Amino acid sequence: MRRKSLRAIREQYDLSGYLVELEQLPRPLVPSQYFGQERPFELEIGSGKGLFLSQAAAATPEHWFLGVEISLRYAMYTALRLLKAQVANARVVHGDAQRLVADYLPDAVVWQLHIYFPDPWWKKRHHKRRLMTPAFAQQLQRVLAPGGELHFWTDVAEYFQAARDMIEQSTRLEPLPVELDESGETFRTHFERRTRLEGRTVYRARFRRS
Ligand SMILES: C[S@@+](CC[C@H](N)C(=O)[O-])C[C@H]1O[C@@H](n2cnc3c(N)ncnc32)[C@H](O)[C@@H]1O
């Protein structure tokens, strides 16, 4: 998508059906009530420019999709992508995923939880700012439905190892194998595309709540 200014997007498009501010969400956020019907619910944390959300929502119209993105610019890009794809089963929330999960989501409502390439916060003294803390992993476990899955991908080997060890130590989520064909040119997210086209490794983990 060619870069447009946020003002140009606002002037040209009505994103109100796709973009919602965190504070406007009902509390608790019960997906079947919010979307109007009982269906499997998928949450993407840090949806960036919205490639995954728009493609997955178009490919799986029988599920509800919600992205949460802290950057207004990216949340607007995602909403525009959803509008252009004309999907009726996805929205993006502008706000902090930690608040959405901890303060809005009831227990056991998420069927698939996607976290792709969370900000790495490279410097050791900044690691505490990373999304994947023991407290947040426990929140993710709480909101996952029994049988529901968490998908965690990153290009940072050290973050991957630390997050995987921490999830195994701090939660009862069960690690599962990830089987993915990397031979093709299909990519789930912008960061996956960039990482793979540069010939770097994508580290992938998958966990299930029993
Ligand atoms: C490195 S980008 C990856 C984007 C996308 N998932 C991808 O794979 O292309 C990380 C994204 O997470 C967003 N983010 C960081 N902290 C967040 C938070 N607490 N809540 C929601 N989004 C967050 C950033 O604004 C950014 O768009």
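Definitions and cut-offs
Residues numbered from 1 in each chain as written. Predicted model: local features only at pLDDT ≥ 70, side-chain atom pairs only at ≥ 80, totals over all residues. Heavy atoms only, no water. Buried < 20%, exposed > 50% of the residue type's maximum accessible area, 1.4 Å probe, protein only. Helix = DSSP H or I, 4+ residues; strand = E, 2+ residues; numbered from the N terminus. Pairing = 2+ DSSP bridges. Right-handed = clockwise from strand over helix to strand, strands pointing away. Near = heavy atom within 4 Å. Polar contact = N/O pair within 3.5 Å; in protein donor to acceptor, adjacent residues only side chain to side chain. Areas by Shrake-Rupley, 256 points an atom, 1.4 Å probe, with all protein chains shown as cover. Core = buried A, V, L, I, M, F, W, Y, C linked by side-chain atoms within 4.5 Å. Contact = heavy atoms within 4.5 Å. Axes fitted to C-alpha atoms, helices over the stretch in contact; angles between N-to-C directions. Parallel < 35°, antiparallel > 145°, perpendicular 65-115°, else oblique. Left-handed = near helix turned anticlockwise from the far one by under 90°.

A. Up close: the pairing of strand β6 (residues 144-154). The buried fraction of β6 amounts to nine of the 11 residues, a majority that puts the element mostly inside the structure. Sheet analysis places strand β5 (residues 110-116) next to β6, joined by six bridges and oriented parallel. Bridge assignment links H114 to a residue of β6, and that residue is H151. The handedness of the β5 to β6 crossover, carried by helix α6 (residues 134-143), is right-handed.

B. Representation of the site of the ligand within the structure. Around the ligand, the surrounding shell holds 16 residues, and the nearest of these are G46, E69, A97, Y116 and T189. I70 is positioned such that a nitrogen or oxygen atom in its backbone is 3.2 Å from a nitrogen atom of the ligand. In this structure, A97 approaches the ligand through a main-chain N or O atom, which is 2.9 Å from a nitrogen atom. When the free accessible area of the ligand is taken as 600 Å², the share hidden by the protein chains comes to 88%. Counting only elements with at least two residues in the shell around the ligand, the list comes to β3 (64-69) and α8 (190-197).

C. Structural view of the nonpolar core. Judged by nonpolar contacts, the single largest core of 39 residues is most densely connected at L43, I45, L113, M132 and L150. Here the element with the most residues in this core is helix α7 (residues 157-170); it accounts for five residues. Dropping the residues within four chain positions of it, L43 is found in contact with L66, V68, L100, V101, L105, V110, Q112, L113 and H114. Listed in part, the 24 residues of the second largest apolar core include L6, A57, A75 and V202.

D. View of α6. Within the span of α6, buried status applies to F136, A137, L140, Q141 and V143. Looking at the packing, one finds that the buried side of α6 touches β2 (41-45), α5 (97-104), β5, β6 and α7.

E. Structural detail: the packing of α5 against α6. Two elements in contact, α5 and α6, have axes whose closest approach is 10 Å; the angle formed by their N-to-C orientations is 50°. Relative to α6, the element α5 is oriented oblique. In the packing of α5 onto α6, the handedness of the crossing is left-handed. Together, A97, Q98, V101 and A102 of α5 and F136, Q139, L140, R142 and V143 of α6 make up the contact between the two elements.

F. View of the environment of S47. Among the structural elements, S47 can be located in the loop between β2 and α3 (51-59). Since its relative accessible area comes to 6%, S47 is described here as buried. Put simply, S47 and G67 are 20 residues apart on the chain and 5.6 Å apart in space, counted from C-alpha to C-alpha. Filtering out sequence-adjacent residues up to four positions away, S47 remains in contact with G67, V68, E69, T78 and V92.

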